[in-house]
There are 2 protein chains.
Amino acid sequence: MDVLWLLRNALQEQPHIAMPGAGWLPGEWMDGAGIQRSLRTLARKDGSHLTGYGMPAGYQPLRVLLAQRVEDQGIACSPRQIVTTRGATQAMDLISRLLVRPGDAVLVDDPGYYTLFGYLKLLGARLVGVPWTTQGPDAGALEQRILEHRPKVFFTNTVLHNPTGVNLTPAVAHRVLQLAERHDLVIVEDDIYGDLASGLPARLAALDQLERVIYVSSFSKTVSASLRVGYLACRYEIAESLTDLKLLTSLTTSEIDERLIYQLLTDGYYRKHLEKLRARLRKARAEAVRNLERAGLEVYREAEDGLFIWARRDGTENATPLAAEAASQGIMLAPGALFRPQQEASPWLRFNAAGCAHPAIFRFLEAAASHA
Amino acid sequence: MDVLWLLRNALQEQPHIAMPGAGWLPGEWMDGAGIQRSLRTLARKDGSHLTGYGMPAGYQPLRVLLAQRVEDQGIACSPRQIVTTRGATQAMDLISRLLVRPGDAVLVDDPGYYTLFGYLKLLGARLVGVPWTTQGPDAGALEQRILEHRPKVFFTNTVLHNPTGVNLTPAVAHRVLQLAERHDLVIVEDDIYGDLASGLPARLAALDQLERVIYVSSFSKTVSASLRVGYLACRYEIAESLTDLKLLTSLTTSEIDERLIYQLLTDGYYRKHLEKLRARLRKARAEAVRNLERAGLEVYREAEDGLFIWARRDGTENATPLAAEAASQGIMLAPGALFRPQQEASPWLRFNAAGCAHPAIFRFLEAAASHA
């Protein structure tokens, strides 16, 4: 049971009764209508402009728009600082390949994003976990890890953190950046869940203004994972190097997909879609938390928005056997060990608010509790 | 002047008068109409099935269709042996990351595909060039390189070879596979230009039946580079490992793009498009060869089909200065050194038959000849 196990389970078309462990929204929650509108618009145009490689850094009008979106979060950004990618995953992969050499120590959230762990290990990096707290990374532990391992990079997911669902606080953000400054650390801020948050949550890039933060986001969690359109924003020199690396490893991204998302972001419906999505998620979230608590689980921290609920049963040391049993019954749970750099045992489970509708989930959890 | 120089020059929107050095067809030669038809069809369907991640190995109906296409080339192949990728480039990148470790010796065509050289070097591979002849790889040199460097992999582009435009002959294919067998070499066969060839040219995978050959192709040269839809075919166990690697490094490919290409391949127009394309290319090719010879260049080998013409001027040692001068006049040439593993000097230039319409190209070549 490892990262690949979870990815395969989640993405292979296996007959699951329920997938509360999945990391994304069900298809019908996403913006299928928006994609259809974009397809229609694009279909009306002459297709000959859809046959070229497009520009290395991405579809120019989209880059202008994305720079504006980044600006709207209080991060000064020009279009030349934007590089489009195949989802946030390619952004992370490019950044890793630029900054990480085999044997390097790399800081990651513990718990954190398992796919990132997978390809950092692929690059031969030594993963060093920074404990995640209800306020964000544990700054004390961060400093200690920096002094001990002399890492060059820290990958962190700051808003509606995967898997805990918690937001970084402004105070912790400031402290993390102080340490990064003092120890010359590059920070890669993964913000793929940001659009699911209401208000303007704290972001490292908003304090740092892309000095030593590389900002990464995508539309895979709000519009369509199938489009695979993501982007990164960073200092121009770094954006140039990452564009070269993108050229070498994948030439360009799909301009068709980038025109589709551009259409969708400019036809005026995206904001409404997000508002609907947040409201629906908030409702599902409250209900899931109730059901989890009723089933005897303790929730890590009540949060208003987002996908993830981090929960455990008192007295459990390691939730992995429970997940294995659930899998055998067609219920896909995400055990905490999967979200730890070395898959260390964890009592926690990650639940997806949008994937907790099926009563079988809670029946299973209660039954497991009773015969535990 | 290196690989990145050529890629940047070719893909950045710079005001070129002519780009005879480009590696692809002009947009209006591609299947823009087909893409438009596909967009229309897709736009009619409910969009909610366009929001998920899709399957790790690719859109299933497309995999079935691609397996059939591979079968049509005399290569026994089941859909489970097919993995879709973001163009052939991602296929090559995944295969390299699976098979190549830093310091490994890797065999490549000399001259060969420069983007491949770029990311093999990125992986820390030692590139060992296998001289390319008018029949394909030089088998004698191949054996000598194998004995000297003990490589595990040989990347070769066999049909309408980039940059020489030549096809591998059946006899050489057989000999290469004998050597691969004897020395336990994996061969990665890049066939991205195959659809531009008439008849059924020799392919390594057709002789070897995917035993030790990994077959790679895409639609970037015939339909749209912008779609970024490619695929690989290989032994099932390898396909499984490559799918895992694809999951870890990019999750899935764009199911929207894969549905677009599936539509396009099944609506019955693709074959006609290819026939028109081949005929148009043949005509442009003959004319380009005439003009090059009139401008005093010698063509490596007359070939009927395909994009590339490999040519040089007698007495030239190194075409790079000529390309630099051309660039300063807005003409993008591709000097032979770019296609050599260590960018060794070369008298040759790669011309793109579809990019040779502009008389300025030949005026420049003649002028350069006179004051040379």
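Residues numbered from 1 in each chain as written. Chains lettered and ligands numbered in written order. Predicted model: local features only at pLDDT ≥ 70, side-chain atom pairs only at ≥ 80, totals over all residues. Heavy atoms only, no water.

**Digging into the overall build of chain A**
Now for step 1: For chain A, the helix and strand inventory stands at 13 helices and 12 strands.
Now for step 2: C-alpha atoms of chain A, sized along the principal axes, occupy 60 × 50 × 35 Å.
Now for step 3: Considering chain A as a whole, with its 372 residues, one finds that 65% of them fall into the buried category.
Now for step 4: Contacts in chain A between residues far apart in sequence, at least 24 positions, make up 74% of those at least 6 positions apart.
Now for step 5: Working note: accessible area of chain A is about 12900 Å², and carbon and sulfur atoms make up 51% of it.
Now for step 6: With 41 positive and 41 negative side-chain charges, chain A shows a spacing of 3 Å between the two charge centroids. (Helix = DSSP H or I, 4+ residues; strand = E, 2+ residues; numbered from the N terminus. Buried < 20%, exposed > 50% of the residue type's maximum accessible area, 1.4 Å probe, protein only. Contact = heavy atoms within 4.5 Å. Areas by Shrake-Rupley, 256 points an atom, 1.4 Å probe, with all protein chains shown as cover. Lys, Arg positive; Asp, Glu negative; His and termini not counted. Charge placed at Lys NZ, Arg CZ, Asp CG, Glu CD.)

**Re the nonpolar core**
Now for step 1: Membership of the largest hydrophobic core comes to 245 residues, with the highest contact counts inside it found for A:F155, A:F351, A:L365, B:F155, B:F351 and B:L365.
Now for step 2: Those residues in contact with A:L365, other than ones at most four positions away along the chain, are A:L292, A:A295, A:L297, A:R313, A:L322 and A:F351. (Core = buried A, V, L, I, M, F, W, Y, C linked by side-chain atoms within 4.5 Å.)

**Some words on the domain arrangement of chain A**
Residues and elements named next belong to chain A.
Now for step 1: The domains assigned to chain A are domain 1 (3–23 + 271–370) and domain 2 (46–266).
Now for step 2: Spacing between the C-alpha centres of domain 1 and domain 2 amounts to 25 Å.
Now for step 3: Taken together, the 26 residues of domain 1 in the interface contact 28 residues of domain 2.
Now for step 4: At the junction of domain 1 with domain 2, the criterion picks out 1 salt bridge.
Now for step 5: Across the pair R340 and D110 runs a salt bridge, and its minimum N-O distance is 2.9 Å.
Now for step 6: Linking domain 1 with domain 2 are 13 residue pairs in polar contact (both at pLDDT 80 or more), by the criterion used here.
Now for step 7: Residue assignment for the side of domain 1 that touches domain 2 shows that the elements contributing at least two residues are α1 (3–11), α11 (270–294) and β10 (308–313).
Now for step 8: Here the side of domain 1 that touches domain 2 gets 6 residues from one element, more than from any other, and that element is α11. (Domains from an automatic or database assignment. Salt bridge = Lys/Arg side-chain N within 4 Å of Asp/Glu carboxyl O. Polar contact = N/O pair within 3.5 Å; in protein donor to acceptor, adjacent residues only side chain to side chain.)

**Overview of the sheet that holds strand β2 (residues 105–110) of chain B**
All names here are of chain B.
Now for step 1: Taken together, the 8 strands give an open sheet; going across it, the order is β1-β8-β7-β6-β5-β2-β3-β4, and neighbouring strands pair in mixed fashion. Looking along the sheet, the strands with just one partner apiece sit at the ends: β1 (82–86) and β4 (136–137).
Now for step 2: Against the sheet, helix α3 (residues 60–72) makes contact with β1, β7 (213–218) and β8 (229–233), and its axis sits at roughly 105° relative to β1, the strand it touches most. (Pairing = 2+ DSSP bridges. Axes fitted to C-alpha atoms, helices over the stretch in contact; angles between N-to-C directions.)

**Some remarks on the packing of aromatic side chains**
Residues and elements named next belong to chain A.
Now for step 1: Here the structure, examined in full by the defined rule, presents 18 aromatic pairs over all chains.
Now for step 2: Within the aromatic cluster, the residues linked to one another by ring pairs are Y113, Y114, Y300, W310, F339 and W348.
Now for step 3: Over the ring of Y236 we find R80; its NZ or CZ atom is 3.6 Å from the centre of that ring. (Phe/Tyr/Trp six-rings, centres within 6.5 Å; stacked < 30°, edge-to-face > 60°. Lys NZ or Arg CZ within 6 Å of the ring centre and 35° of its normal.)

**Topic: the sheet that holds strand β11 (residues 334–335) of chain B**
Residue and element names in this part refer to chain B.
Now for step 1: Taken in spatial order, the 4 strands make up an open sheet running β9-β10-β12-β11, and their pairing is antiparallel. Unpaired on one side and paired on the other, β9 (298–299) and β11 mark the two borders of the sheet.
Now for step 2: Relative to strand β12 (residues 348–352), strand β10 (residues 308–312) is paired through 5 bridges, and the arrangement is antiparallel. In the sheet register, I309 faces β12, and the bridge partner there is F351.

**Quick look at the interface of chain A and chain B**
Now for step 1: Of the residues lining the interface, 62 residues belong to chain A; the matching set on chain B comes to 62 residues.
Now for step 2: Put simply, chain A and chain B have 2 salt bridges between them.
Now for step 3: Residue B:D93 is joined to A:R97 by a salt bridge in which the shortest nitrogen-to-oxygen separation is 3.0 Å.
Now for step 4: Along the contact surface separating chain A from chain B lie 10 residue pairs in polar contact (both at pLDDT 80 or more).
Now for step 5: Sorting the residues of the side of chain A that touches chain B by element identifies α1, α2 (32–44), α4 (87–99), α5 (114–122), α9 (236–250) and α10 (255–266) of chain A as the ones contributing at least two each.

**Focus: the packing of α2(A) against α10(A)**
All names here are of chain A.
Now for step 1: Axis separation between α2 and α10 bottoms out at 8 Å; the angle between their running directions is 115°. Classified by the interaxial angle, the pair formed by α2 and α10 is roughly perpendicular. Judged by the sense of rotation from one axis to the other, the crossing of α2 with α10 is right-handed. Where α2 approaches α10, its residues G34, I35, S38, L39, T41 and L42 are matched on the opposing element by I256, R259, L260, Q263 and L264. (Parallel < 35°, antiparallel > 145°, perpendicular 65-115°, else oblique. Left-handed = near helix turned anticlockwise from the far one by under 90°.)

**Details of the pairing of strand β6 (residues 186–190) of chain B**
Within a regular strand, side chains alternate between the sheet's two faces.
All names here are of chain B.
Now for step 1: Most of β6 is tucked away: 4 of the 5 residues are buried.
Now for step 2: One ladder, built from 5 bridges, connects strand β5 (residues 153–157) with β6; its direction is parallel. Counterpart to N157 in the pairing with β6 is D190.
Now for step 3: Chirality of the crossover, the property in question, places the unit of β5, helix α7 (residues 170–182) and β6 among those that are right-handed.
Now for step 4: Pairing of β6 with β7, which is carried by 4 bridges, proceeds in the parallel orientation. Residue V188 lies in a different strand from β7, and its bridge partner there is I214. (Right-handed = clockwise from strand over helix to strand, strands pointing away.)

**A look at the side chain of A:S217**
Residues and elements named next belong to chain A.
Now for step 1: In this structure, S217 sits in strand β7 (residues 213–218).
Now for step 2: Engagement of the side chain of S217 in a polar contact is seen with the backbone oxygen of D191, the distance being 3.3 Å.
Now for step 3: If sequence neighbours within four positions are ignored, S217 has contacts with A88, D191, I192, G230 and Y231.

**What to know about the relation of the copies chain A and chain B**
Now for step 1: Once chain A is rotated about the relating axis by 180° and shifted along it by 0.0 Å, it coincides with chain B to within an RMSD of 0.0 Å. The transformation just described matches what one would write down for a two-fold rotation axis.
Now for step 2: Most of the interface of chain A is mirrored in chain B: 100% of its interface residues are interface residues there too. (Least-squares fit on C-alpha atoms with pLDDT ≥ 70 in both.)

**Here's the deal with unusual backbone geometry**
Now for step 1: For the bond running from A:N162 to A:P163, omega is 15°, close enough to zero to count as cis.
Now for step 2: Mapped onto the elements of the fold, A:P163 is located in the loop between β5 (153–157) and α7 (170–182).
Now for step 3: Of note, the bond from B:D110 into B:P111 is cis; its omega dihedral lies within 30 degrees of zero at 5°.
Now for step 4: Within the fold, B:P111 resides in the loop between β2 and α5 (114–122).
Now for step 5: Even without a glycine there, the phi angle at A:L160 is positive, about 50°.
Now for step 6: With respect to the secondary-structure elements, A:L160 resides in the loop between β5 and α7.

**What to know about the packing of α2(A) against helix α2 (residues 32–44) of chain B**
For any two helices packed against each other, the geometry comes down to the angle between their axes and how far apart the axes lie.
Now for step 1: Remark: α2(A) packs on α2(B), axes separated minimally by 8 Å, with the N-to-C direction vectors making an angle of 150°. Between α2(A) and α2(B), the interaxial angle falls into the category roughly antiparallel. For the crossing formed where α2(A) meets α2(B), the hand is left-handed. Along its contact with α2(A), which presents A:Q36, A:L39, A:R40, A:L42, A:A43 and A:R44, the element α2(B) presents B:Q36, B:L39, B:R40, B:L42, B:A43 and B:R44.

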